[in-house]
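Next come the chains, spelled out residue by residue.
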Amino acid sequence: MMKKNITTICGSTRQNSTNHKLLKAIGDFFTDDLQFNMYEGLGSLPHFNPDSNEKTIAEVIQFKQLLNAADGIIICTPEYAHGVPGALKNAIDWTVSSCEFSHKPTALITASTDGRYGHAALLETLRVIEAKEIDQLQLLIPFAQTKVSKEAKISDERTLLEIQKLMSDLIKLLNETAVFPEN
Ligand SMILES: Cc1cc2nc3c(=O)[nH]c(=O)nc-3n(C[C@H](O)[C@H](O)[C@H](O)COP(=O)(O)O)c2cc1C
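The structure presented is a predicted model; accordingly, all values stated were derived computationally and were not measured.

Peer 1: Help me understand the site of the ligand in this model?
Peer 2: In the region of the ligand, 15 residues are neighbours, and S12, S17, E79, S112 and D114 sit closest. A distance of 2.7 Å separates an oxygen atom of the ligand from a polar atom in the side chain of S112. Here an oxygen atom of the ligand sits 3.1 Å away from a polar atom, N or O, in the main chain of G115. If the ligand stood free it would expose 620 Å²; the protein chains cover 70% of that surface. Class assignment of the residues belonging to the shell around the ligand gives a composition of 3 nonpolar, 9 polar and 3 charged.

Here it is as structure tokens:
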């Protein structure tokens, strides 16, 4: 069976990001099942402005191409000041009118010190832009820095089990999702 394409988006642009390491760990773990493409342009997307002609902005075009090419999306993010990191929210705002998330299987992992407020806020945003099965495909990992090693391995057994469950649900949904526009 052809591997499904997953675009991953890290909500942290920090060099030593735990969320980045977590996405790497997931990519390494599920490499036999899925093709992972990490979106690395979050920090260079311009600020969203509804007046701008996005078809002329190279960074926006590249972001949307990566989303359109994906069978599924994984967002992994910290919480900042009880909210969604601005760079991540900005990226999502670029997709609201063009509906790249609409009906696309999407998993949300919030890996933060606490994370519950940002997680709830981003879940609501993903619901309103119709990310597919987002209420099933979501995981909050508090104290994340103690659960992912410097070498990008998931060092906490319970977290590993939770990630495995989330990914198995995502893979199941991807295999059920036919490539028709209405899906
Ligand atoms: C500006 C800023 C604000 C933060 N606010 C929160 C917060 O409200 N809740 C929380 O759980 N963690 C907060 N943190 C801590 C992050 O969760 C923690 O640093 C996390 O590891 C960052 O993710 P990263 O390692 O992927 O960059 C904050 C960190 C920064 C830099």
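Let's pick the thread back up.
Peer 1: It is not clear to me how helix α4 (residues 116-128) should be interpreted in this structure. Could you clarify?
Peer 2: Because an α-helix completes one turn every 3.6 residues, residues spaced three or four positions apart along the sequence face the same direction. The terminal C-alpha atoms of α4 lie 19 Å apart, and with 13 residues this matches the ideal 18 Å at 1.5 Å per residue to within 8%. Looking only at α4, the buried set comprises G118, H119, L122, L123, T125 and L126. On an axial view of α4, the arc spanned by its buried residues comes to 165°, and they lie on one face. Those residues of α4 that are buried are in contact with β3 (72-77), α3 (86-93), β4 (106-111) and β5 (138-141). One or two positions beyond α4, positive phi appears at E130, with a value near 65°.

Peer 1: What is the right way to read the layout of surface pockets from this model?
Peer 2: In this approach, a probe sized like a water molecule rolls over the atoms, and the result shows the empty space that is left. By volume, the second largest pocket amounts to about 160 Å³. Along its surface, the second largest pocket is lined by 13 residues, and N19, P78, A111, S112 and Q145 are the ones closest to its centre. Across the lining of the second largest pocket, the residue classes tally to 4 nonpolar, 7 polar and 2 charged.

Peer 1: How do you make sense of the sheet that holds strand β1 (residues 4-10) when you look at a structure like this?
Peer 2: Within a sheet, adjacent strands bond to each other through the backbone by hydrogen bonds, running parallel or antiparallel. Taken in spatial order, the 5 strands line up as β2-β1-β3-β4-β5 in an open sheet, and their pairing is parallel. Both outer strands of the open sheet, β2 (34-39) and β5, are each paired with one neighbouring strand and no more. Each strand of the sheet is rotated relative to its neighbour by a mean of 20°, with strand direction disregarded. Packed onto the sheet, helix α5 (residues 157-176) meets β1, β2, β3, β4 and β5 and runs at close to 165° relative to β5.

Peer 1: Help me understand the pairing of β4, please; the structure alone is not making it clear to me.
Peer 2: Both faces of the sheet carry side chains from a regular strand, because those side chains alternate between them. Buried residues dominate β4, accounting for 6 of its 6 residues. Residues T106, L108 and T110 of β4 are buried on one face, and the alternating residues A107, I109 and A111, pointing to the opposite face, are buried as well. Sheet topology places β3 next to β4; 5 bridges connect them, and they run parallel. Residue C76 lies in a different strand from β4, and its bridge partner there is I109. Note that β4 and β5 share 4 bridges and pair parallel.

Criteria and cut-off values
- Residues numbered from 1 in each chain as written.
- Predicted model: local features only at pLDDT ≥ 70, side-chain atom pairs only at ≥ 80, totals over all residues.
- Heavy atoms only, no water.
- Near = heavy atom within 4 Å.
- Polar contact = N/O pair within 3.5 Å; in protein donor to acceptor, adjacent residues only side chain to side chain.
- Areas by Shrake-Rupley, 256 points an atom, 1.4 Å probe, with all protein chains shown as cover.
- Nonpolar A, V, L, I, M, F, W, Y, C, P; charged D, E, K, R; others polar.
- Helix = DSSP H or I, 4+ residues; strand = E, 2+ residues; numbered from the N terminus.
- Expected span 1.5 Å × (residues − 1).
- Buried < 20%, exposed > 50% of the residue type's maximum accessible area, 1.4 Å probe, protein only.
- Arc of directions from axis to C-beta.
- Contact = heavy atoms within 4.5 Å.
- 1 Å grid on protein atoms, 1.4 Å probe; cavity = no way out; pocket = protein on both sides within 12 Å on 5 of 7 lines; lining within 4 Å.
- Points joined across faces, edges and corners; volume = space filled by probe spheres on them.
- Pairing = 2+ DSSP bridges.
- Axes fitted to C-alpha atoms, helices over the stretch in contact; angles between N-to-C directions.

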